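Geometric and topological summary
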Amino acid sequence: MNALLDLVAVALVALATVLIGVYGLRASRTTSDFFVASRTVRPVWNASAISGEYLSAGTFLGLSGLVLLGGARGFWFPIGYAAGYLLVLVFVAAPLRRSGAYTIPDFIEARLQSGAARRVTSVLVLLIGWLYIVPQLHGAGITLVVVAGLPPWIGAVLVAVLVGGAVAAGGMRAITFVQAFQYWLKLTALLVPVVLISFAAAGGPHEIDPATVFPPAAGPGGIDAYETASLLLALLLGTMGLPHVLARFYTSPDGVSARRTTVLVVAMVSVFYAVSSAMGLLARVLAPDLAQPGAADTVALVLPSRVFPGLAGELLTALVVAGAFAAFLATSAGLVVSLAGVISQDVFSGSVRSFRLSAVLCTVVPLAVALLTAPAGLVSSVGVVFVFAASSLSPMLLLGVWWRGLTARGAVAGMVTGAVACGLALLVYAAVDGVGLAAPYLAQPAAWTIPLATAVTVVVSLLDRHGPPTRTDRYLARLHSPERL
Amino acid sequence: MSDGAPRRVRVTADVRRLPASRTQPVRLASPHADAAADAVDDADAVYSRALRRTQLRLALGTVAGFVVVAVALTVAIAGIPELDRHDIGGVPLSWLLHAFAFYPVIFVFALLYARGAARNEQRYRTLRERE
């Protein structure tokens, strides 16, 4: 591998991010530009931006690594991520756009007329966002270790500085353009190597014995029913609970275009996941020696130069590195934008200056965590975030949009129950590494924590003597009726 | 975007013109409104509740349909050993189906839902305009 070429690729992505950010800065003038791009983003741009921000380090590097390491089991992750957008579409996309709120806590406060429910939501949104930024920074660290032999902290600091700076400077408008660009960069950076490597593998001397490369035991036949169902439930419902996913719908002009955007997003992320899955299949054929924890996440970076020795391989590697950095930058930037929106409105005055200060704060905390912890598997750290979001925020969002009986106390009780149950299960599992029969239920808690949180929310709401807020019917009518008659 | 004077401000106030998050949906129903206005309000409420129910049915139906198809596909690729024996370019059919076959299913259900939801809203609009 040619370290210089790879570092040039990283520098080019960084430069493009900054330039597009500056272009956006000239276009964003008002507070509304900063928070929601003045709600004028067209569906295709918005869909590219949503997809760009959704495809994180976990999917760009982690998926092919997981398929190499764990076999067909790894395919469930991208399927769950894509289907998560189907649930976003059918349950929340248009109603949340019509709610007219800037952030999830804004929506909860307007829906339930409760400052307490708002504060609990804000804390959860911050936790989820920070948890999600950490693996992005770890991914950046790993990449620079592999391609250039630099110490891991350099990648993390580089991404944090770029993201904090770009968000503070340009706000949401700039970020929309940056992320739209990054989706297409990521797709190209994976598609070109996959196509070229496939051709090389088809014409090359590789004798594939399906029984050893694709053993039925690691194939689709070897699935564990509970584990798979619980994982998919978490991925499907977790998507709508991610702070940066919802913030994006506020930038669509109206509910109908929010829906159209989401259908496009489903198509765009599906294409990317199909390419990424193909990379995983190629990895099993060409690089079985990398199938070890720790090394597997780097297979997408290593594969091109193995198949094409010399300059061609080096150029392809540089392209993959550029795509990987686009992944780290896009996801962290989207998260920082939505988190900064929450902090600046909850803690400060909600002005442009407080948004900038919050953006810096939201980058520094996860950076500190990333520097103090060692990277675990990228896909599994991202999976934890989905389980937590699905257990804490998703049930309350679904009920808030569709059930008129939801009360502030019910929502708070449900969110706290879901968050505590899920957090405890994962912590206990990590601490004792599973205890016999309970192990699968602690490792994949979504199948019981989501129903538990939902049940607690419904029961407490029904028992609440104050009943639902007085304006509930009007608010629900606004969520579900078309904007213009 | 038409950010001019809002023509008819009803259930969905033109939210882009409202300043920020803390505003509530404003529906100016004065306590002294006459009986005719009250009747219109009731009709509004009935229509929008009916729309909400229809959309929820459509959403749940879409998800149920997707789950049925996805489970059937999963059972097929996991349970038919024939699929392990046949391969394309060295990759068993079961692996290929698992890697690529779910995405078209997801996309088709997304498309069907978006169409259905737009149709429901169109029907609601027609009803409201007939008033």
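About the thresholds
- Residues numbered from 1 in each chain as written.
- Chains lettered and ligands numbered in written order.
- Predicted model: local features only at pLDDT ≥ 70, side-chain atom pairs only at ≥ 80, totals over all residues.
- Helix = DSSP H or I, 4+ residues; strand = E, 2+ residues; numbered from the N terminus.
- Rg over C-alpha atoms; globule rule 2.2 N^0.38 Å.
- Buried ≥ 20, exposed ≤ 12 C-beta atoms within 10 Å, placed from the backbone.
- Contact = placed C-beta atoms within 7 Å.
- Core = buried A, V, L, I, M, F, W, Y, C linked by C-beta atoms within 7 Å.
- Expected span 1.5 Å × (residues − 1).
- Arc of directions from axis to C-beta.
- Nonpolar A, V, L, I, M, F, W, Y, C, P; charged D, E, K, R; others polar.
- Axes fitted to C-alpha atoms, helices over the stretch in contact; angles between N-to-C directions.
- Parallel < 35°, antiparallel > 145°, perpendicular 65-115°, else oblique.
- pLDDT = per-residue confidence, 0-100.
- Left-handed = near helix turned anticlockwise from the far one by under 90°.

1. Let's talk about the overall build of chain A
- Each helix and strand in chain A was counted, giving 21 helices and 0 strands.
- Taken over the C-alpha trace, chain A has a radius of gyration of 22 Å; the compact-globule value for 485 residues is 23 Å, and the two agree within 12%.
- Projected onto its principal axes, the C-alpha positions of chain A cover 70 × 60 × 45 Å.
- Counting over 485 residues, chain A shows a buried share of 62%.
- Expressed as a percentage of contacts within chain A between residues at least 6 apart in sequence, the contacts between residues at least 24 apart total 83%.

2. Quick look at the overall build of chain B
- Helix and strand counts for chain B come out as 4 helices and 2 strands.
- Start at the N end of chain B and walk to the C end: the helices and strands fall as α-α-β-β-α-α.
- Per-residue burial for chain B yields a buried fraction of 24% across its 131 residues.

3. Let's talk about the nonpolar core
Residue and element names in this part refer to chain A.
- Ranked by size, the top nonpolar core spans 188 residues in total, and within it Leu-86, Val-269 and Ala-322 carry the most contacts.
- No other element matches the 21 residues that helix α14 (residues 311-346) contributes to this core.
- Apart from the residues within four sequence positions on either side, Val-269 is in contact with Ser-51, Tyr-54, Leu-55, Tyr-81, Ala-82 and Tyr-85.

4. Let's talk about helix α20 (residues 446-463) of chain A
Residue and element names in this part refer to chain A.
- With 18 residues, α20 extends 25 Å between its outermost C-alpha atoms, agreeing within 8% with the 26 Å of an ideal straight helix rising 1.5 Å per residue.
- Taken together, the buried positions of α20 are Ala-446, Thr-449, Ile-450, Ala-453, Thr-457 and Ser-461. For α20, the angular spread of the buried residues around the axis is 100 degrees, confining them to a single face. Of the exposed residues in α20, those oriented more than 90 degrees away from the buried face are Leu-462 and Leu-463.
- Those residues of α20 hidden inside the fold are in contact with α10 (225-241), α16 (378-392), α17 (394-402) and α18 (408-432).

5. What about helix α3 (residues 43-54) of chain A?
Residues and elements named next belong to chain A.
- Across its 12 residues, α3 extends 16 Å between first and last C-alpha, which sits within 8% of the 16 Å expected from 1.5 Å per residue.
- Along α3, 9 of the 12 residues are buried, which leaves the element largely enclosed by surrounding structure.
- Among all positions in α3, only Asn-46, Ala-47, Ser-48, Ala-49, Ile-50, Ser-51, Gly-52, Glu-53 and Tyr-54 are buried.

6. Looking at the interface of chain B and chain A
- Across the boundary between the two partners, chain B contributes 52 residues, which contact 54 residues of chain A.
- With 16 residues, the single largest contributor to the side of chain B that touches chain A is helix α4 (residues 102-130) of chain B.
- Residue composition of the side of chain B that touches chain A, grouped by class: 31 nonpolar, 10 polar and 11 charged.

7. Side note on the packing of helix α5 (residues 76-99) of chain A against helix α12 (residues 255-286) of chain A
All names here are of chain A.
- Packing of α5 against α12 brings their axes to within 9 Å, and their N-to-C directions diverge by 170 degrees. By the angle class used here, α5 and α12 are roughly antiparallel. Here α5 contributes Pro-78, Tyr-81, Ala-82, Tyr-85, Leu-86, Val-88, Leu-89, Ala-93, Ala-94, Arg-97 and Arg-98 to the contact with α12, which in turn contributes Gly-255, Ala-258, Arg-259, Thr-262, Val-263, Val-265, Val-266, Val-269, Ser-270, Tyr-273, Ser-276 and Ser-277.
- The residue inventory of the contact of α5 with α12, partitioned by class, reads 15 nonpolar, 5 polar and 3 charged.

8. Looking at unusual backbone geometry
- Phi is positive for A:Gln113, which is not a glycine, with a value near 50 degrees.
- Its place among the elements puts A:Gln113 in the loop between α6 (104-112) and α7 (115-148).

9. Quick word on the confidence of the model for chain A
- For chain A, per-residue confidence averages 84 on the pLDDT scale, and 91% of positions sit at 70 or higher.
- The secondary-structure element of chain A with the lowest mean pLDDT is helix α2 (residues 31-36) of chain A, recorded at 53, while α20(A) shows the highest, at 94.

10. Comments concerning the confidence of the model for chain B
All names here are of chain B.
- Across chain B, the average pLDDT comes to 75, with 68% of residues at or above 70.
- Within the model, the stretch residues 1-6 combines pLDDT values under 50 with 5 contacts to residues more than four positions away or in other chains.
- Segment residues 9-34 is flagged for pLDDT under 50; beyond a separation of four residues in sequence, or across chains, it makes 36 contacts in the model.
- Predicted complex metrics record ipTM = 0.88 and pTM = 0.86.

11. Brief notes about the environment of A:Ala389
Residues and elements named next belong to chain A.
- Assignment of secondary structure puts Ala-389 in helix α16.
- Residue class for Ala-389 comes out buried when judged on the 30 C-beta atoms lying within 10 Å of it.
- Between the C-alpha atoms of Ala-389 and Leu-4, which are 385 residues apart in sequence, the distance is 40 Å.
- Residues within four places of Ala-389 in sequence aside, it is in contact with Ile-128, Gly-238, Gly-241, Leu-242 and Ser-394.

12. A look at the environment of B:Val108
- As for its placement among the helices and strands, B:Val108 is situated in helix α4.
- For the pair B:Val108 and B:Leu83, spaced 25 residues apart in sequence, the C-alpha to C-alpha distance is 24 Å.

13. Notes on the packing of helix α4 (residues 57-70) of chain A against α7(A)
Residues and elements named next belong to chain A.
- At a closest axis distance of 9 Å, the pairing of α4 and α7 adopts a crossing angle of 55 degrees. With respect to their mutual orientation, α4 and α7 come out oblique. Crossing of α4 against α7: the hand is left-handed. Counted together, Ala-57, Gly-58 and Leu-61 of α4 and Pro-135, Gln-136 and Gly-139 of α7 form the full contact between these two elements.
- Counted by class, the contact of α4 with α7 contains 3 nonpolar, 3 polar and no charged residues.

14. Structural notes on the environment of A:Ser252
- Assignment of secondary structure puts A:Ser252 in the loop between α11 (243-249) and α12.
- The sequence separation of A:Ser252 and A:Ala93 amounts to 159 residues, and the corresponding C-alpha distance is 9.9 Å.

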